[in-house]
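Fold and contact review
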Amino acid sequence: MPVYPSVEPSNADFPQQPALSSLAHDELKHGLAPWRKDAINTAENLARGRGDLATDASPLVFGGGVFGQDMYNNADTLASDLPIRTVRLALRYGINAFDTSPYYFPSEFTLGNILTALRPEFPRESYYIITKCGRYGPEHKHFDYSAAKIDSSVRGSCKRLGTEYLDVVLTHDAEFVCDKVGRSHHDGWESGIVSGLVDPQDVGLQQTREQVIESLGLAPNVEAASKVHGKGDEQFLEAIAALFKLKDQGIVRRVGISGYPLPVLLRLSRLVATTAPYRPLDAVLSYSNRCLHSDVLVGWKELFAADPRGDSTNALPELQWSAPLLMNGSPFSMGLLTDGTPPAWHPASDALKAATKEASRNLVAQGDSLTMTALTYGLRGSEVAHPSGAGPQLSTLVGLSHPDHVHSAVEAYRVLCSGATEAGDALFPATDAANDRRDAYTKQAKNEKAVRDLFAQRGVREWSWSSGL
């Protein structure tokens, strides 16, 4: 995994992008993505502005981890014209949100150079940029949540990305900084139990779901929500305060957190809202919790939406509660759920890796693909409406390294729209009733069930690995 350099590079130190006129022309397949009626860069849309992130950002977010050195691609790929062609095609389809981080070095430099080169076609006001701060390498020593570092990190991200402001900034992997409460950071079944997908007795636990929730510091009352458990929580709150200060200055539009363990993300979201000056987070990004081997995120949505004061809504009258935008990351679970080999650094257990290989072999033997099955499954929720009626139930970050990956992601979304249209709950109803997409959806549902059943049989479904210990 990359480590951010101690001496700050410049954008000129990284491959400069080719002239747009020299690029291969990657044609859209079947037109714009279903969520677009017209291109994002029409004069009318640019004059109108982008609107609200929850409703106007594309349901699919371009994951910039693919531009991290040797995370998913090597230096030769990053130096080729594939990155700019991939980003350009995504924008043409209507994918208008990008996620990155200094930790994905040199992702911010690469993405910044690409977006600058594409500015004649896609001005800054045609897309959203999400980045992170606080993590700069793979080890605990590479975290810095001090106010000074958060401020300089965000300003540095603006420079690297060629922008005067950032649409969203998230603290990166907050579980490595905050305090541990119960088994919030450990491997096990807690997230599955809270989601309602795992019966505690089936995994040898004698606690009820409510007792598990309380053991994680998540009791539904203001006392539990506002409790600072130690110096780690204090450091985390210092970083959040620095981000809200940058929001007040207009450099950051929305403040949020990212990480893996759902118990940690929920506790920190509640803590921020119930700590002076009582400003709820704008966004929470979870990854690898809405995918084939673990679909626990759906069962946590109501907990993230719930007022952290519980029934005592008269407490903390200064708090004007609004639920954060909940985002899902990594349908492939960081490269695990593909027909290839997962990255060497992947934290999955040997049992989960073995079950994944078995699932891939089964699908390939019948002429299908774990990669496409995982991609489509991981996008579920982005094709149906949020209960509030504003935007999708979930926005999903997906890494796209090649124009073919962009085509595949949009096609997977079209397949999901076909199924949602049949069910009557599509956010963007399919305009055609082509048998091939209905058939594709039927096959997808069958393959999903087969893989999910296999993971259950192997004892790994809804299991979470440890993070931040």
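If you're wondering where the values come from, they're calculated on a predicted model, not measured in any experiment.

Topic: the layout of surface pockets
Reported here for the largest pocket is a volume of approximately 1100 Å³. Lining the largest pocket we find 46 residues, and of these Tyr72, Ser330, Met334, Gly335 and Trp345 sit closest to its centre. Of all the elements in the fold, those that place two or more residues in the lining of the largest pocket are β5 (255–259), β6 (283–287), α14 (370–378), β8 (395–399) and α15 (403–423). Estimates place the volume of the second largest pocket at around 460 Å³. Surrounding the second largest pocket, 21 residues form its lining, Ala323, Pro324, Leu325, Leu326 and His386 being those nearest its centre. Elements supplying a minimum of two residues to the lining of the second largest pocket: α2 (53–56), α12 (301–305) and β7 (325–329). With 4 residues, the single largest contributor to the lining of the second largest pocket is α12. Its residues placed into classes, the lining of the second largest pocket shows 12 nonpolar, 4 polar and 5 charged.

Concerning the packing of helix α4 (residues 82–93) against helix α5 (residues 107–117)
Interaxial distance between α4 and α5 falls to 10 Å at its minimum, and their mutual angle equals 60°. What the angle tells us is that α4 and α5 run oblique. Here the hand of the crossing between α4 and α5 comes out right-handed. Judged by residue contacts, Pro83, Ile84 and Val87 of α4 engage Leu111, Ile114, Leu115 and Ala117 from α5. Of the residues assigned to the contact of α4 with α5, the class counts are 7 nonpolar, no polar and no charged.

Examining empty space enclosed by the protein
Scanning the entire structure with this criterion turns up 2 cavities of 30 Å³ or more. Considering the residues around the largest cavity, the lining is formed by Arg183, Ser184, His186, Glu190, Ser191, Tyr260, Pro261, Pro263, Ser464 and Trp465. Computed from the structure, the second largest cavity encloses a volume of approximately 30 Å³. Around the second largest cavity sit Val66, Phe67, Asn73, Thr77, Leu78, Pro83 and Ser401, which together line it.

Things to note about the packing of α4 against α15
The geometry of α4 relative to α15 is characterised by a closest axis approach of 8 Å and an angle of 25° between their N-to-C directions. What the angle tells us is that α4 and α15 run roughly parallel. Facing α4, whose interface residues are Leu82, Arg85, Thr86, Leu89, Ala90 and Tyr93, α15 presents Pro403, Val406, His407, Val410 and Arg414. In the contact of α4 with α15, the residues fall into 7 nonpolar, 2 polar and 2 charged.

Notes on the UniProt feature "domain: NADP-dependent oxidoreductase" (unreviewed entry) in the chain
In the numbering adopted here, UniProt assigns the feature "domain: NADP-dependent oxidoreductase" (unreviewed entry) to residues 60–281. Annotation note: span residues 60–281, helix share 41%, strand share 10%, distance between end C-alpha atoms 21 Å.

Examining α15
Taking 1.5 Å as the rise per residue, α15 with 21 residues should run 30 Å; its terminal C-alpha atoms sit 31 Å apart, in good agreement. Positive phi shows up at Gly424, right after α15, with a value of about 85°.

What counts and how
- Residues numbered from 1 in each chain as written.
- Predicted model: local features only at pLDDT ≥ 70, side-chain atom pairs only at ≥ 80, totals over all residues.
- Heavy atoms only, no water.
- 1 Å grid on protein atoms, 1.4 Å probe; cavity = no way out; pocket = protein on both sides within 12 Å on 5 of 7 lines; lining within 4 Å.
- Points joined across faces, edges and corners; volume = space filled by probe spheres on them.
- Helix = DSSP H or I, 4+ residues; strand = E, 2+ residues; numbered from the N terminus.
- Nonpolar A, V, L, I, M, F, W, Y, C, P; charged D, E, K, R; others polar.
- Axes fitted to C-alpha atoms, helices over the stretch in contact; angles between N-to-C directions.
- Parallel < 35°, antiparallel > 145°, perpendicular 65-115°, else oblique.
- Left-handed = near helix turned anticlockwise from the far one by under 90°.
- Contact = heavy atoms within 4.5 Å.
- UniProt positions renumbered as here; feature names shortened; annotations may be inferred.
- Expected span 1.5 Å × (residues − 1).

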